[in-house]
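# Architecture at a glance
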Amino acid sequence: MSRSKCPVGLMPSVVAPAKEPNATCPKAVELVLVKEQNGVQLTNSTLVNSPQTPVETQERETWSKKIDFLLSVIGFAVDLANVWRFPYLCYKNGGGAFLVPYLLFMVIAGMPLFYMELALGQFNREGAAGVWKICPILKGVGFTVILISLYVGFFYNVIIAWALHYFFSSFTMELPWIHCNNTWNSPNCTDAHSGNASDALGLNDSFRTTPAAEYFERGVLHLHESHGINDLGPPRWQLTSCLVLVIVLLYFSLWKGVKTSGKVVWITATMPYMVLFALLLRGITLPGAMDGIRAYLSVDFHRLCEASVWIDAATQICFSLGVGFGVLIAFSSYNKFTNNCYRDAIITTSVNSLTSFSSGFVVFSFLGYMAQKHNVPIGDVAKDGPGLIFIIYPEALATLPLSSAWAVVFFIMLLTLGIDSALLHRHRELFTLFIVLATFLLSLFCVTNGGIYVFTLLDHFAAGTSILFGVLIEAIGVAWFYGVRQFSDDIKQMTGQRPSLYWRLCWKFVSPCFLLFVVVVSIVTFRPPHYGDYVFPEWANALGWTIAASSMSMVPIYAAYKFYSLPGSLREKVAYAITPEKEHQLVDRGQVRQFTLRHWLMV
């Protein structure tokens, strides 16, 4: 699964009007679509400029409270990937040894990029597209972000719909994924709670399935009624109903936006921590829990000699923090101009990493319990992605006393993790309605009998290499074209202190090289998507690459458009294209700092 930061949720704060010295004119419509994501993880979209007036030019909304901003960013950065992806990678790649490359890449790339986006948005007071007034030719990066966020929204809402379905199904005396006597069960179902288990021992292990697995794939998805991605079938009415509820929640959250969502962040950002803590207290008391935790933390430093371990650490950093989705830029653009964005970056990245690490104790305490219960190695039950969340966890919860109550609590956590942030300015009602209806209609493909195949295809291609490419161009645009020196001056103007040499070196050299490495490796090591034993046909893979390429192509397409639309000679076109808009009067006088060697060498 790609770890996409995603999609569609609540704007977790009220913002209050304030006058800022660097404020710019508000937009007629400015949308931040946010995650899961890897989730996914929504994104910012800046649209038509509204006519400027002297009053509008002076106004700029800001967060009403600093804690609202911090909780909003933490709520965005901490998502389902922290629960289902990091613990599995840690276990797979040498346990505690995986923390070595993970923490290294966090310090040299994750934190610097996170800090850069917060500072970029806060100084320029614009969204993901608007900030590129610092380098007009690269504004296509903003449109790349917008497309990626829409693609992610098409399938990420489905995860929330699945969680909603499980949430409603948990309000029963007996959870529906405990036994094999349901209408959706197959003869291969092995019920550990009845004599059915011994009867199934004659079956080949590869054909045996659990009630939890069959509930997800046959009871919820109806996957057995599809032969592949070319045989999707009709949308399932139960999942469609859940999806409608998600879309309605999304619409009214976006429509009311900043008026009503100020209190929501205190639930969506803090609830997952309370639930994880409760699950941890329950998990460590289960038999086999310590075996699972030991497997999670076992250190195998020999694994550090394998390139795949370093690649997994690098990609996890990019997707976990959510850099490149435009959300961090959009959120920070509503900070007060003098806000200490450096401190915010350190706090939020640290909380994100600690959450990922801590969730591993919850996950593997339950996996150790399941391994002992079935008398199999932990490796047989350890997996990432939807299989962990919608099969392994429900099966473990079903064996606990008060299982229905624990299931309700667990799926409440998934719902709050999946819901993040969305923001609109004026004239938002009709535009919001158009966005959510379009998202709903396209999401219907993911709730058909074969919808899991569409989901898998989008998850694999929508925000993988394309989002890494977008972050790479963003880092180059800020550090090289705009210039680290100028960027550092901007930060000093806001916080009163220039970034240290360490941060400037990371922005100029380390982070771009790191991102280039990850982009190249993601292409070289590409593996076609699959779901279980199902292998996607060639046309599906071609469609996936078309989706990925469509977002990445926004960068060269817009660059070409911008270059040819600029007036003047070739030299003047280049100058206007790579010079910040506020410096265009210097270009008219022939003073272009980007044409000097000093600009490219300064750190």
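Because the structure is a prediction, the values reported are computed rather than measured.

### A word on the state of the cysteines
Scanning the model with the defined rule gives one disulfide in all. Here Cys180 engages in a disulfide with Cys189; their sulfurs sit 1.9 Å apart. Judged by the torsion about the S-S bond (-70°), the Cys180/Cys189 disulfide is left-handed. One exposure class covers both Cys180 and Cys189, and it is buried.

### Concerning the UniProt feature "binding site: Na(+) 2" (unreviewed entry) in the chain
UniProt marks Ser320 and Asn352 with the feature "binding site: Na(+) 2" (unreviewed entry), using the numbering shown here. For the residues just named, distributed over 33 residues, the greatest C-alpha separation is only 7.8 Å, placing them together at one site. Residue classification places Ser320 among the buried positions, given a relative accessible area of 1%. Secondary-structure assignment places Asn352 in helix 15 (residues 341-374). What Asn352 contacts, discounting residues up to four positions off in sequence, is Ala77, Val78, Asn82, Tyr102, Ser320 and Leu321.

### Notes on the confidence of the model for the chain
With 83% of its residues at a pLDDT of 70 or more, the chain has an overall mean of 81. Here helix 1 (residues 54-58) stands out as the element of the chain with the lowest mean pLDDT, 36, in contrast to helix 23 (residues 554-565), whose mean of 96 is the highest. Note on residues 6-58: pLDDT under 50 across the span, and 275 contacts to partners over four residues away in sequence or across chains. In the predicted structure, residues 257-262 sits below a pLDDT of 50 and forms 14 contacts with residues beyond four places in sequence or in another chain.

### Here we look at the pattern of salt bridges
Throughout the structure, instances matching the rule amount to seven salt bridges. Across the salt bridge formed by Glu306 and Arg303, the nearest N and O atoms sit 3.1 Å from each other. For Glu583, the salt bridge identified is with Arg593, shortest N-O distance 3.1 Å. Placement of Glu583 in the loop between helix 24 (570-578) and helix 25 (584-588) and of Arg593 in the loop between helix 25 and helix 26 (597-601) is noted, with a sequence separation of ten residues between them. Relative accessible area serves as the criterion here: at 22%, Arg593 is assigned to the partly exposed category.

### A closer look at the packing of helix 5 (residues 99-124) against helix 20 (residues 465-495)
At a minimum axis separation of 10 Å, helix 5 and helix 20 run at an interaxial angle of 65°. Every pair of crossing elements has a handedness; the one defined by helix 5 and helix 20 is left-handed. Where helix 5 abuts helix 20, its residues Leu113, Tyr115, Met116, Glu117, Ala119, Leu120, Gln122 and Phe123 lie against Val471, Glu474, Ala475, Val478, Tyr482, Phe487, Asp490, Ile491, Gln493 and Met494. Its residues placed into classes, the contact of helix 5 with helix 20 shows 13 nonpolar, two polar and three charged.

### Points about the packing of aromatic side chains
By the definition in use, this model includes 49 aromatic pairs. With a centroid separation of 6.3 Å and 55° between ring planes, the pair formed by Tyr151 and Phe154 is classed as tilted. Within this pair, Tyr151 and its partner Phe154 are both found in helix 6 (residues 140-169), separated by three residues, close to a single helical turn. Ring geometry for Tyr166 versus Phe390: centroids 5.3 Å apart, planes at 50°, classification tilted. With Tyr166 in helix 6 and Phe390 in helix 16 (residues 386-398), this pair connects stretches of sequence that are 224 residues apart. Its relative accessible area of 0% is what places Tyr166 among the buried residues. Given a relative accessible area of 1%, Phe390 falls into the buried group. The residue whose ring lies beneath Lys573 is Phe563, and the NZ or CZ to ring-centre distance is 5.8 Å. Lying across the ring of Tyr482, Arg593 places its NZ or CZ 5.7 Å from the centre.

The rules we used
- Residues numbered from 1 in each chain as written.
- Predicted model: local features only at pLDDT ≥ 70, side-chain atom pairs only at ≥ 80, totals over all residues.
- Heavy atoms only, no water.
- Disulfide = S-S within 2.5 Å.
- Buried < 20%, exposed > 50% of the residue type's maximum accessible area, 1.4 Å probe, protein only.
- UniProt positions renumbered as here; feature names shortened; annotations may be inferred.
- Helix = DSSP H or I, 4+ residues; strand = E, 2+ residues; numbered from the N terminus.
- Contact = heavy atoms within 4.5 Å.
- pLDDT = per-residue confidence, 0-100.
- Salt bridge = Lys/Arg side-chain N within 4 Å of Asp/Glu carboxyl O.
- Axes fitted to C-alpha atoms, helices over the stretch in contact; angles between N-to-C directions.
- Left-handed = near helix turned anticlockwise from the far one by under 90°.
- Nonpolar A, V, L, I, M, F, W, Y, C, P; charged D, E, K, R; others polar.
- Phe/Tyr/Trp six-rings, centres within 6.5 Å; stacked < 30°, edge-to-face > 60°.
- Lys NZ or Arg CZ within 6 Å of the ring centre and 35° of its normal.

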